[in-house]
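Listed below are the residues making up each chain.
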Amino acid sequence: MNTITTTNFNFPGQKNVYRGKVREVYNINDNLLVMIATDRLSAFDVVMPKGIPFKGQILNQIATKFMQLTQDIVPNWLIATPDPNVAIGHLCEPFKVEMVIRGYLSGHAAREYALGKRILCGVTMPEGMKENDKFPTPIITPSTKADNGEHDEDISRETILEKGIVSEQDYLVLEQYTRALYQRGTEIAAEKGLILVDTKYEFGKTKDGKIVLIDEIHTPDSSRYFYADGYAERQEKGEAQKQLSKEFVRQWLIANGFQGKEGQQIPEMTEEYIASVSDRYIELYENILGEKFEKADITNINERIEKNVINFLQNK
């Protein structure tokens, strides 16, 4: 299958390019950002050697849809989506923290809890919880925004303010926006028979000093979803929850001896496995948005993206 795993465009007015784990961001005249969602797959902060067909399109379309569904409560950076894999928005200075919010004891929080830890990012987790139980109130557990190749690390609100990573005035806005977005995301998920378990948001400042939501929102890469139907019964019986997230990739890697630690080898991803991951992402899209996924033409993805972006930039 044809995938896009790297780009090398030269758009009109292009100043520089930032390459993240999954997205590549082109700076246009220090005014606009062209964000391209590639088909790269990242887990445990490691990029897998092969791309997943349609993954970039899926992430981009979910993120832009949720930007539109939340712009009445939190401003965002988005201007247009001229291509299935592309979002174009205002140039922003990103905050160097990711705002992680957790409604349930799952994933990283559950792994830490199982080790006996009861404080995560300076936040106390109640005693007597079991994996996937709901927290009395959602907790915010920020992480540092790592540079290429480095691991994101847990950080507390106190340390963020102490080190001056974010000012207190700005951090209060980030917390307020994080809770508002999670509440809206929870409501939208409930309408689709889903539970938004946990998620992360990234924010930046526009040139005029406005704090806005940037990057992805409520995608299966940045969020964990459970099926609401049967959730309580599964908890009662101590069974694993049915989930919609990238966790299935992490579990496959763990089962094959990989957790991103030094000296560990990434297991071989066969064509069959890659096709199954692509199918799973399409299933995630259709469940999360409640609409059928329309596959874009992937005959020549790079050519398609270049044409659509240049057309937008020349006609804006």
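Please refer to the structure placed before this passage.
1. Comments concerning the overall build of the chain
In terms of helices and strands, the chain carries 8 helices and 17 strands. Burial analysis of the chain (316 residues in total) assigns 52% to the buried set. When contacts within the chain are restricted to residue pairs at least 6 apart in sequence, those whose partners lie at least 24 apart make up 64%. Total accessible area computed for the chain in this model is approximately 14,900 Å², and 46% of it derives from carbon and sulfur atoms. Positive and negative charge centroids in the chain, built from 38 and 47 side chains respectively, lie 1 Å apart.

2. Describing the packing of aromatic side chains
Inspection of every chain in the model, using the stated rule, returns 11 aromatic pairs. The interplanar angle of 50° and the centroid separation of 6.0 Å between the aromatic rings of phenylalanine 9 and tyrosine 26 together place this pair among those described as tilted. One end of the pair, phenylalanine 9, is in the segment before β1 (14-19); the other, tyrosine 26, is in strand β2 (residues 23-28), with 17 residues separating them in the sequence. A relative accessible area of 7% means that phenylalanine 9 is categorised as buried. We classify tyrosine 26 as buried; its relative accessible area is 0%. Relative to phenylalanine 293, the ring of tyrosine 285 lies with its centre 5.0 Å away and its plane at 70°, an arrangement referred to as edge-to-face. You'll find tyrosine 285 and phenylalanine 293 in the same group, each marked buried. Members of the aromatic cluster, connected to one another through ring pairs, are Phe9, Phe11 and Tyr26.

3. What to know about the side chain of lysine 55
Looking at the secondary structure, you find lysine 55 in helix α1 (residues 55-70). The buried category is assigned to lysine 55, whose relative accessible area is 0%. Setting aside its immediate chain neighbours within four residues, lysine 55 contacts Val22, Thr38, Asp39, Arg40, Leu41, Asp221 and Tyr281.

4. Description of helix α4 (residues 168-191)
For α4, with 24 residues, the first-to-last C-alpha span of 35 Å sits near the 34 Å given by 1.5 Å per residue. By the burial criterion, the buried members of α4 are Asp170, Tyr171, Leu174, Glu175, Tyr177, Thr178, Leu181, Tyr182, Arg184, Gly185, Ile188 and Ala189. A positive phi of about 75° marks glycine 193, the residue just after α4.

5. Section: the sheet that holds β2
Reading across from one edge, β1-β2-β3-β7-β6 is the order of the 5 strands in this open sheet, with antiparallel pairing throughout. Single-partner strands in this sheet number two, and they are β1 and β6 (78-83). Adjacent strand axes in the sheet meet at a mean angle of 20°, parallel and antiparallel pairs treated alike. Across 3 bridges, the pairing between β6 and strand β7 (residues 86-90) is antiparallel. In the sheet register, aspartate 83 faces β7, and the bridge partner there is valine 86. Across the face of the sheet, α1 comes into contact with β2, β3 (32-37), β6 and β7 while running at roughly 145° to β6. Helix α8 (residues 301-315) rests against β2, β3, β6 and β7 of the sheet, and its axis sits at about 135° to β6.

Rules behind the numbers
- Residues numbered from 1 in each chain as written.
- Predicted model: local features only at pLDDT ≥ 70, side-chain atom pairs only at ≥ 80, totals over all residues.
- Heavy atoms only, no water.
- Helix = DSSP H or I, 4+ residues; strand = E, 2+ residues; numbered from the N terminus.
- Buried < 20%, exposed > 50% of the residue type's maximum accessible area, 1.4 Å probe, protein only.
- Contact = heavy atoms within 4.5 Å.
- Areas by Shrake-Rupley, 256 points an atom, 1.4 Å probe, with all protein chains shown as cover.
- Lys, Arg positive; Asp, Glu negative; His and termini not counted.
- Charge placed at Lys NZ, Arg CZ, Asp CG, Glu CD.
- Phe/Tyr/Trp six-rings, centres within 6.5 Å; stacked < 30°, edge-to-face > 60°.
- Expected span 1.5 Å × (residues − 1).
- Pairing = 2+ DSSP bridges.
- Axes fitted to C-alpha atoms, helices over the stretch in contact; angles between N-to-C directions.

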